[in-house]
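A structural walkthrough
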Amino acid sequence: MNTPAKLTGFVAAVAAVFGIALLVGATVGPVEEQTEDPAASAHDAGHGKDTATGSAAEITAVEEIPGGLMMAQGGYALSLAETNLEPGEGRNLTFAINGPDGVPVTDFDVTHDKELHLIAVRRDFTGFQHVHPVLDENTGIWSVDVDLTPGTWRVFTDFTPTGGEALTLGTDLAVAGEFVPAPPEADNRTATVDGYEVTLDGDLSSGGDAMLTLTVSKDGQPVTDLQPYLGAYGHLVALRGGDLAYLHVHPDGTPGDGTTRPGPEVVFHTSVPSAGTYHLYLDFQHDGVVRTAAFTLTAGGTGEVQSGSGAHGDHSHSGR
């Protein structure tokens, strides 16, 4: 089937797919946990076995579910045109964000210089890509090329529909071929990429705010002329080990505000919902090229520890 025919069929099927999403609604949970009600799981984990319905505690538990664990939330649903792709470079990924009316959304607010951010990462935390799809405003269909290796990938879309709340939706993408999982990563506070060295200072602790400082150097010299990227001197994505929950990380300051320097330090603020392992990916731009430095940190604290924080088997499946 040619590409136009595929897209026509995809657009025709969007309404039917969204009908299913409406039944699932905001109670759709982590893809790994499809066999149980995620809202009930979140409530049980935080409040024992109390099964009272409609309580403020239950509502709070659902609201506090981290981003990227649901494919539908607040009336909006992420729908991939194809949930299985072949491995290779430049594979076209096509999808829609369906609105409460069942129609693909075409109006989005600009956040961090883009209307929508897409993160793709394999479930063993390799292959991280932060890309920006192109929207066909006539059909509401987004498309972007990604590089894929065999295994199960998690796809995150980070966006704000005009007139709505900011959302991060996530879903699975299966890539054919022999899957060889990467070994679990030990804590790593120093990353090297293309001759640049990036170090991370700061600690994560569940239940508390954290300030993370990332320092960029090259050939032993501090880089003091970082270039703005997505409205900041760096963009940081944090994923929780185990379920790939997507955590919002906020940069400190903006380029041109008179106080934020273009390196070598880039500061971010975040908080984590539980103890355990977190994988962080810093995108920074220098000499016109965007590079990604990856880190692994273990968060302390009294929160529930997420298991399975290293590599995952192939489940033949969460970013501002």
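Residues numbered from 1 in each chain as written. Predicted model: local features only at pLDDT ≥ 70, side-chain atom pairs only at ≥ 80, totals over all residues. Heavy atoms only, no water.

- For the chain, the name recorded in an unreviewed UniProt entry is Heavy metal-binding domain-containing protein, with Rhodococcus pyridinivorans KG-16 as its organism.

**Let's talk about the pairing of strand β19 (residues 276-286)**
- Most of β19 is tucked away: 11 of the 11 residues are buried.
- Alignment of β19 against strand β20 (residues 289-299), held across 11 bridges, turns out to be antiparallel. Opposite Gly276, over in β20, you have Ala299 as the bridge partner.
- Connecting β19 to the next strand, β20, in antiparallel fashion are 2 residues, including Asp287 with a positive phi near 55°. (Buried < 20%, exposed > 50% of the residue type's maximum accessible area, 1.4 Å probe, protein only. Helix = DSSP H or I, 4+ residues; strand = E, 2+ residues; numbered from the N terminus. Pairing = 2+ DSSP bridges.)

**Side note on the sheet that holds strand β15 (residues 235-240)**
- With antiparallel pairing, 4 strands are arranged side by side in an open sheet as β16-β15-β19-β20. Looking at which strands have only one partner, the edges of the open sheet turn out to be β16 (246-247) and β20.

**What to know about the packing of aromatic side chains**
- In the structure shown here, the tally under the stated rule is 6 aromatic pairs.
- Pairing Phe108 with Trp142 gives two aromatic rings, centres 5.3 Å apart and planes at 75°, and the pair type is edge-to-face. With a gap of 34 residues between them, Phe108 in the loop between β4 (88-98) and β5 (116-122) and Trp142 in strand β8 (residues 141-148) connect regions that are remote in the sequence.
- Of the residues examined, Phe108 reaches a relative accessible area of 6% and is grouped as buried. (Phe/Tyr/Trp six-rings, centres within 6.5 Å; stacked < 30°, edge-to-face > 60°.)

**Comments concerning the sheet that holds β5**
- In spatial order, the strands read β3-β10-β9-β5-β6; together these 5 strands make up an open sheet with mixed pairing. Each edge of the open sheet is held by one strand with a lone partner, namely β3 (84-85) and β6 (129-131).
- Taken together, the 2 bridges between β3 and strand β10 (residues 167-175) define a ladder with parallel strand orientation. Residue pairing for β10: Leu85 is matched across the bridge by Val175.

**Things to note about the environment of Ala191**
- Mapped onto the fold, Ala191 is located in strand β11 (residues 190-193).
- With 25 residues separating them along the chain, Ala191 and Val216 place their C-alpha atoms 9.7 Å apart.
- Discounting residues that sit within four places of it in the chain, Ala191 has contacts with Tyr196, Glu197, Val198, Ala293, Ala294 and Phe295. (Contact = heavy atoms within 4.5 Å.)

**A word on the environment of Glu137**
- Its place among the elements puts Glu137 in the loop between β7 (134-136) and β8.
- Residues Glu137 and Asp107 lie 30 residues apart in sequence; the distance between their C-alpha atoms is 8.4 Å.

**Quick word on the nonpolar core**
- In this structure, Leu280, Phe284 and Phe295 are the most contacted members of the largest nonpolar core, which totals 28 residues.
- Those elements giving two or more residues to this core turn out to be β11, β12 (196-201), β13 (209-218), β15, β18 (265-271), β19 and β20.
- Leu80, Leu93, Leu116 and Val155 belong to the second largest nonpolar core, which has 25 residues in total. (Core = buried A, V, L, I, M, F, W, Y, C linked by side-chain atoms within 4.5 Å.)

**Notes on the pattern of salt bridges**
- Considering all chains together, one arrives at 5 salt bridges under this definition.
- Here Arg122 and Asp124 are joined by a salt bridge, their closest N and O atoms 2.6 Å apart.
- With a relative accessible area of 8%, Arg122 lands in the buried category.
- The partner of Arg291 in a salt bridge is Asp194, with the nearest N and O atoms 3.3 Å apart. Linking Arg291 in strand β20 with Asp194 in the loop between β11 and β12, this pair joins segments that are 97 residues apart in sequence. (Salt bridge = Lys/Arg side-chain N within 4 Å of Asp/Glu carboxyl O.)

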